Amino acid sequence: MSPEREHEEIESLLGAFVLGATEAEEEEMVRAHLPGCASCTATVRRLERAVGAIPFAVEAVTPPRRLREQILAAAAASRPPARAMPQRTRVLRLPTPRLARIWTGAGVRSAVAAAAIIAFALGLGLGAGIGRSVSPPPPSSAAVAEYALHGSGTMAVAQGHAFELKQQGLTLVEFSGMPALEAGKVYELWLIPQQGDPVPAAVFKPDAEGSRVVVLARNLRGVKALAVTAEAGPNGATAPTEQPQLVGTVG
Amino acid sequence: MIGAASPVWQLTAPPGAGFRIEHAVLTRLGPGAGDTELGRALATADIDALALLYDRYGALAYGIALRILGDPRLAEDIVQEAFIKLWNNASTFDASRGSLRTWLMASVRNRAIDQLRGRGAHERREVGLDVVDALPSTVPESDPWVAVSAAMERDAVREAVARLPVDQKQAIELAFYGGYTYREIAEISRVPLSTVKGRIRLALEKLHSYLEGKGLWNEP
């Protein structure tokens, strides 16, 4: 086949090519041709734009609520290598090995969803599991422990659920019903050891719905209880300044 | 294992007892964040950015997968795969060169077609996140405009498709949503191969021309 004839043949295939509607050998032929043909490359670029627009004509369909939870759980479970953190989402820096991260409200809009995220990630069985294609092998339920935090006093409606991911060395604490904070205050999560003083674990502010999820880069070994107080922001206190009104025992 | 604790400490705990804390309250990536900003945040493994991206495009992605597969459960799997693929490869996303949502929708479509046609991932034509340039950010970066702009784009694309002659529209829809090759479309339509190739090419050229006229992309 002459070069001219080959060009014509390939040029006629470009529409089908950008739609993925050619046979495999034809696709290979086009791909081999493009680097040396500016005309066909420009055409492909133009037609690809048109193809890229087609999906936007489709009617959006609200997926089941669980899909959002599954995706976020799978993403959390996949834990891509740490890269430079975004300026607006700083990891809470605590003495090694304590590392806490706030899962902001925008990402986990409902407290139930937040709990489900970790439940999904760990195969706790709350709803459907992570999708078949992307989930890592779920750890055994023995690798996960759940603890509840109960509110009292001014935090009577507040609740917390802690999921300790023993194998991953992570603990997620999901808060809901948290009262709005006074100006300049933050909530501070404390780990109460079997012996010794309360250890600060994270500070956080609830979202407008009173929810927040905090992830601690540690397990709860040696921890007797979890507790929350309101402290001066933005950094909280190094020791609690009030009696906690949201508390849960561990173990 | 679960239960409320009794009071766990005395308020006399010594201040600064053995630890220093260096942390700050986190601010949030707001719902008004543009796709470019989301892309950058995703590249830093910001799970909130993924949640925002899902909130913005999850329904469209699901709609595409559902239209192609007709099976809600399979559609969920496909959408999840696409979002996780994006999450795991977001560090390669070059916001200046591509459109995150275009990549996402193409990923959903290609995966759904592969599922439909029983093709494996090794056969999938999938471009990198750094080379996508279809429908580049015409969506304004401020939240109030996102929905409006998305609706305008949707209407423009629908109008562009609706204006196509029936045979051209059928050809690209069989390829795009059905995953048929042009040879199969020729058999279905009972027309010569060259006719199908021509219909597809004309349809795409018309779509591009119409949408370019609507200002959906700036480059020629």
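Thresholds applied
Residue positions are given per chain, counting from 1 as you read along its sequence in written order. Chain letters and ligand numbers both follow the written order, the letters beginning at A and the numbers at 1. Per-residue local features are limited, in this predicted model, to residues with pLDDT of at least 70; the limit for side-chain atom pairs, both in listing and counting, is 80 or more; totals at the level of whole chains, interfaces and linings are taken over all residues. With hydrogens and water set aside, each side-chain value is computed from the structure's full complement of heavy atoms. Here a helix means four or more residues in a row that DSSP labels H or I, a strand means two or more in a row labelled E, and each is numbered from the N terminus. Residue contacts are counted whenever heavy atoms from the two residues lie within 4.5 Å of one another. Each accessible area value is a Shrake-Rupley result obtained with a 1.4 Å probe; residue values ignore everything except the protein chains displayed when judging cover. What a helix is expected to span follows from its residue count: subtract one and scale by 1.5 Å. For every residue, the accessible area (1.4 Å probe, protein chains only) is compared with the maximum for its type, and the residue is labelled buried under 20%, exposed over 50%, or partly exposed between those bounds. As a per-residue measure, pLDDT reflects the predictor's confidence and takes values from 0 up to 100. The definition of a nonpolar core used throughout is a set of buried Ala, Val, Leu, Ile, Met, Phe, Trp, Tyr and Cys residues joined through side-chain atoms within 4.5 Å. Note on pairing: DSSP must find at least two bridges between two strands before they are called paired.

Let's talk about the overall build of chain A
Of the regular secondary structure elements, chain A holds 5 helices and 10 strands. The contacts of chain A with a sequence gap of at least 6 include a subset with a gap of at least 24, amounting to 62%. Of the roughly 10,500 Å² of accessible surface on chain A, a fraction of 53% belongs to carbon and sulfur atoms.

Topic: the environment of A60(A)
For A60(A), the position within the fold is in the loop between α3 (38-53) and α4 (65-78). With residues near it in sequence (within four places) discarded, A60(A) still touches A59(B) and L60(B).

Some words on α4(A)
For α4(A), with 14 residues, the first-to-last C-alpha span of 21 Å sits near the 20 Å given by 1.5 Å per residue. Every buried residue of α4(A) is listed here: L67(A), R68(A), E69(A), Q70(A), I71(A), L72(A), A73(A), A74(A) and A75(A).

What about the confidence of the model for chain B?
Note: predicted coordinates in regions of low pLDDT should not be interpreted at a detailed level. All names here are of chain B. Across chain B, pLDDT averages 74, with 66% of residues at or above 70. Confidence drops under a pLDDT of 50 for residues 1-28, and excluding neighbours within four residues, the segment shows 96 contacts in the predicted structure. Contacts of residues 121-145 to residues separated by more than four positions or lying in other chains number 75 contacts, the stretch itself having pLDDT below 50. ipTM for the predicted complex: 0.74, alongside a pTM of 0.56.

Some points on the nonpolar core
Grouped together as the largest cluster of nonpolar side chains are 84 residues, with contacts concentrated most on I200(B) and L204(B). With 15 residues, helix α2 (residues 47-69) of chain B is the largest single contributor of residues to this core. By size, the runner-up hydrophobic cluster in this structure holds 25 residues, among which are F175(A), L220(A), V228(A) and A230(A).

So, the environment of V166(B)
As for its position among the elements, V166(B) is in helix α6 (residues 166-176). Sequence separation between V166(B) and R199(B) is 33 residues; the distance between their C-alpha atoms is 10.0 Å.

Concerning the pairing of strand β10 (residues 246-249) of chain A
All names here are of chain A. Pairing of strand β3 (residues 144-151) with β10, which is carried by 2 bridges, proceeds in the antiparallel orientation. Directly across from H150, in β10, lies its bridge partner V247. For strand β9 (residues 223-232) and β10, the ladder comprises 4 bridges, and the chain directions are antiparallel. Paired with A227 across the strands is V247, a residue of β10.

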